[in-house]
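# Results of the structural survey
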Amino acid sequence: MLAMHMANELLSVPFAGVTLLAATLVVVWAAWRTKKTIQSEKVPLMGVIGAFVFAGQMINFTLPGMPGTSGHLGGGVLLAILLGPSAAILVMSAILVVQCLLFQDGGLLALGCNIINMGVVPCLVGWGLYRLTLGRAETAKPWRQYAAAWVACIVGVTAGAALVPVQAAISGVLKISPVHFLGVMVGVHLIIGFVEGLITFAVIAYLRQVRPAALGLKTADAAGRLSRRAVLVTFLATAVLLAGVVSWFASSHPDGLEWSYLEHHYGESDEAVVAPSETVTRVDALQTRWSLLPDYTKRTAALGEEPVEEETADEAETAWPSMSGWGSLAGLIGTAVTLLVVYLIALALRRRDRTAPGQA
Amino acid sequence: MPDDRTVENILELNNLSVTYPDGTPGLHEVSLQLARTGRTALLGPNGAGKTSLMLGIMGALKFTGDIVVDGISLSRRTTTDVRSRCGMVFQNPDDQLFMPSLLEDVAFGPLNQGRSPDDAEKRSRDAIRSVGLEGLEQKAAHHLSGGQKRGASLATILSMNVKLLLLDEPGAGLDHRSYARLIEILESRPEAFLISTHDLALVRRLCRNVVVLDKGRVVADGPTGTVLADAALLARHGLA
Amino acid sequence: MHHSHIDRFAQGHSVVHHLDARAKLLSVIGYTVVLISFDRYAVSALAPMLVLPLAMLWFARIPTWFAVRRVLVLSPFVLVLCLASPYYDRVPFEVTLGSWRFTTTGGWLTAADVAIKFTLGVMALTALMSTTPFTQMLEGMRKLGVPKMLAAQLGFLYRYLFLLVDEALRLKRGRDFRGAALAPVGRRLKAVGSMIGHLFVHTLDRSDRVYTAMTARGYRGEWHGLSRLRFRLADVVFLVVVAAYLVVCRWGAFHAG
């Protein structure tokens, strides 16, 4: 099971800072709001619920017809349904921090984005759609409960995932087509969201029977059967969405190659460039106008304006200083020497500690 | 406030009744006394109300009747005071060891009692040492064995310098060595204690008095030798 | 759960272990910021960045393979960036090292760059977390401004994480041993729902009991922490050295031009 958390490498430092700040503000808001529904002295106990999510993620659900693949709970939407959106955001943030620190899932600088993409968005969007679709919780039939879970998860999970390429593109560090990236993210997460919808529904159905108070309900449900038809309908709907994404992806959008050639204005030993379509020119123009770090040099034109062509070409030659010869060789040798020295010191310390066993 | 020295009993229960939130009766007019240096065993089949009795003394349940700990009558106002004088070791140590490290767990009580961090740390280290867990202060609960967790639970209460210990089935699930260690520790403690247990050997070893509960009522209350000699009584209440 | 692989080295003793958690945390944050700030194609300039994580690991006597192994739990994004970049970015590049030169494309440089940065980042984070007991990390965070209640929440998460995951694994094993793989989808789904639901109910009940235990020990809503972290000369020296090192790495002489 791969971790779908964003890594540091997808972000630029300034943008990471912005997202960390934004995430902090949202978490502070969530903490404030949570105190209105849960007594403030019980807030630390939300951590125990966080541990539950970890545990819940261990329970996998093998999909029919696809041996070897299994889905599992993400948790944001389910938590929001069980605890309300603000408490859920708080718990998800705690989980993401622990995942980053203890399991190195997701980068330190990417915490802000991860909290937004995997915490705030699924919790808020998922919860909102769930309540909208469900209607009155007490009288909702199984198919409606399931539909609500499906909508909440599909949209909540996918929306969060769709932000990843957007954030990477804004950071200006993407060397692959953001549009392709977006297509892949949305496509994959439609499937993940579908599975999560199934699992979320199953958990809620269980709780409705066994512990309705956890859902804010007064009476327990009799064991309702989920009709195959409901599942089939949502499966088809998901498939249609997926097909839509795939076709959009394949049809009118630039080939990755062309995109990359237009981005860089050098061309000594290039292969022949295919005449670009209008969309490509427009996308490229948009990119150069708004990219904070066009071609990784300092921005010469103001944000929103076209940079002057000649400048970019000139700067291109000095844009990769680390690639010029002796400087970088010196760096490599210096590093190797430093490492050797450090290693020998560490070894010496180790030996000294061994000969003085009394030292802790 | 009555002078401590004139109060004979560390614990007095008068007609204590407890009803659970869902309406089922828990305890029915239970009365008992525990002397300042008393050691009493609480026996009874499962569901007799032993845990409820202890939770009641700790002020965690709604009750009618009187609970007097160290001369202080338990009420909403005096709950904090009472909790400074008696401590409960839960049946499941995982419910009671909730901090990321042992030292912090044991320091939790003293810190809440208003001690300074340094003072709390000192008391905690003493308590950890007295249960034989010295050196494990930085360990988290999931690093400890079952027997160690039991000792740790006890330490969390000892650091609070309470006068009365309530132990809910402390021997359950321990291997022989940990069990022997636990008995040693309890034997050496100056505090009064009330132990809920099924283990008659432990009762004979540690406790001077026995109170038998069944279905929420006291059915026997007397010296260990007398109560445990009454085979018919024991059989009637599923104890032997 | 194999929690040993996280906590295993954190309880050790070494020069690095005894450094203040705040100093280590700030250093690793600074390191990560500098790491990410390098240009996308500046691969060889990353070499000196090797020194900090390796030094920390070596002085802390943590096996290097342990840190590197964490890297292998790959981030799909990093994998995609590595594999896709050579496809998308075909701009040719000439790389020179001393008098040795070879040609490659921007995409391959990006792939190498991303892979190296990812590895270094994970190693630095591993070095931080395996030389600092989590409870000290929390105290460090509290002292750096994280609200006490939030830090307390993290503490509870950490404490009950392993317990609950073990419980989940036991449930899962019970299910697997009873031939769950052969059951039809509907029953499989229902089983998953009841296991997770059961875990949730258990967790709710447990947090009630924990709350009772907390109040029984005098808790009334205020969080008091032990105060054990003390900033010493060694910590100041460490911070200064790391800061200087980062400045040298980022703006040092081996960036010609």
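Residues numbered from 1 in each chain as written. Chains lettered and ligands numbered in written order. Predicted model: local features only at pLDDT ≥ 70, side-chain atom pairs only at ≥ 80, totals over all residues. Heavy atoms only, no water.

### Quick notes on the overall build of chain B
Of regular secondary structure, chain B possesses 10 helices and 10 strands. For chain B, the C-alpha radius of gyration of 18 Å lies close to 18 Å, the compact-globule estimate for 240 residues. Taken along the three principal axes of its C-alpha coordinates, chain B extends 50 × 45 × 40 Å. Every one of the 240 residues in chain B was classed for burial, and the buried ones make up 55%. Here the analysis covers contacts within chain B between residues at least 6 apart in sequence; of these, 64% occur between residues at least 24 apart. A total of about 10,100 Å² of accessible surface is found on chain B, and carbon and sulfur atoms cover 49% of it. (Helix = DSSP H or I, 4+ residues; strand = E, 2+ residues; numbered from the N terminus. Rg over C-alpha atoms; globule rule 2.2 N^0.38 Å. Buried < 20%, exposed > 50% of the residue type's maximum accessible area, 1.4 Å probe, protein only. Contact = heavy atoms within 4.5 Å. Areas by Shrake-Rupley, 256 points an atom, 1.4 Å probe, with all protein chains shown as cover.)

### Notes on a nonpolar patch on the surface
A contiguous nonpolar surface patch, about 550 Å² in accessible area, is contributed by Phe231(C), Leu233(C), Val236(C), Val237(C), Val240(C) and Val241(C). Relative to the helices and strands, Val240(C) is located in helix 10 (residues 233–251). (Patch = residues over 30% accessible without salt bridge, like charges linked within 9 Å, V, L, I, M, F, W, Y side chains within 5 Å. Salt bridge = Lys/Arg side-chain N within 4 Å of Asp/Glu carboxyl O.)

### Some details on the interface of chain A and chain C
In this assembly, 101 residues from chain A lie in contact with 103 residues from chain C. Regarding the contact of chain A and chain C, the summed buried area is about 9,500 Å², with carbon and sulfur atoms giving 77% of it. Along the contact surface separating chain A from chain C lie 1 salt bridge. A salt bridge links Asp205(C) to Arg211(A); the nearest nitrogen and oxygen atoms lie 2.9 Å apart. Counting across the chain A and chain C interface gives 5 residue pairs in polar contact (both at pLDDT 80 or more). Of all the secondary structure elements, the ones that give two or more residues to the side of chain A that touches chain C are helix 1 (13–37), helix 2 (46–58), strand 1 (60–62), helix 4 (85–103), helix 7 (178–210), helix 9 (256–263) and helix 12 (325–355) of chain A. Looking at which element gives the most residues to the side of chain A that touches chain C, the answer is helix 12 of chain A, with 17 residues. (Buried area = accessible area lost by both parts, 1.4 Å probe. Polar contact = N/O pair within 3.5 Å; in protein donor to acceptor, adjacent residues only side chain to side chain.)

### Here's the deal with the sheet that holds strand 3 (residues 39–43) of chain B
Residues and elements named next belong to chain B. Pairing is mixed across the open sheet formed by 6 strands, whose spatial order is 6-7-8-3-9-10. Here the strands that pair on one side only, and so sit at the sheet edges, are strand 6 (86–89) and strand 10 (217–223). This sheet shows a mean twist of 15 degrees between the axes of neighbouring strands, independent of strand direction. In this structure, strand 3 lies alongside strand 8 (residues 192–196), joined through 4 bridges in parallel fashion. Among the inter-strand pairings, Arg-39 is bridged to a residue of strand 8, identified as Phe-193. (Pairing = 2+ DSSP bridges. Axes fitted to C-alpha atoms, helices over the stretch in contact; angles between N-to-C directions.)

### Topic: empty space enclosed by the protein
Applying the stated criterion to the full structure yields 10 cavities of 30 Å³ or more. Estimated volume of the largest cavity: approximately 210 Å³. Surrounding the largest cavity, 22 residues form its lining, Gln104(A), Gly106(A), Gly107(A), Phe118(C) and Val122(C) being those nearest its centre. The set of elements that each furnish at least two residues to the lining of the largest cavity consists of helix 2 (21–37) and helix 6 (106–129) of chain C. A total of 5 residues in the lining of the largest cavity trace back to one element, the largest contributor, which is helix 6 of chain C. (1 Å grid on protein atoms, 1.4 Å probe; cavity = no way out; pocket = protein on both sides within 12 Å on 5 of 7 lines; lining within 4 Å. Points joined across faces, edges and corners; volume = space filled by probe spheres on them.)

### Remarks on the packing of helix 3 (residues 51–59) of chain C against helix 6 of chain C
Residues and elements named next belong to chain C. The contact between helix 3 and helix 6 brings their axes to 9 Å, and the two run at 35 degrees. Of the two possible hands of crossing, helix 3 and helix 6 adopt the one that is left-handed. Where helix 3 abuts helix 6, its residues Pro-53, Leu-54, Met-56 and Leu-57 lie against Leu-120, Met-123, Ala-124, Ala-127 and Leu-128. Class assignment for the residues of the contact of helix 3 with helix 6 results in 9 nonpolar, no polar and no charged. (Left-handed = near helix turned anticlockwise from the far one by under 90°. Nonpolar A, V, L, I, M, F, W, Y, C, P; charged D, E, K, R; others polar.)

### Digging into the sheet that holds strand 4 (residues 63–69) of chain B
Residues and elements named next belong to chain B. Reading across the sheet, the 4 strands line up as 2-1-4-5 and stay open at both edges, with antiparallel pairing between neighbours. Looking at which strands have only one partner, the edges of the open sheet turn out to be strand 2 (25–35) and strand 5 (72–73). Pairing between strand 4 and strand 5: 2 bridges, direction antiparallel. Each bridged residue has a counterpart across the sheet, and for Val-69 the counterpart in strand 5 is Ile-72.

### Some remarks on the packing of aromatic side chains
Working definition: an aromatic ring pair is given by the centre-to-centre distance plus the angle between the planes. This structure, assessed with the given rule, holds 16 aromatic pairs over all chains. Put simply, the rings of Phe98(B), Phe108(B), Phe156(C), Tyr219(C) and Trp223(C) pair up and form one aromatic cluster. One Lys or Arg, Lys42(A), reaches over the ring of Tyr211(C) and ends 4.7 Å from the middle of that ring. Geometry around Tyr160(C) places Arg159(C) over its ring, the cationic atom sitting 4.6 Å from the centre. (Phe/Tyr/Trp six-rings, centres within 6.5 Å; stacked < 30°, edge-to-face > 60°. Lys NZ or Arg CZ within 6 Å of the ring centre and 35° of its normal.)

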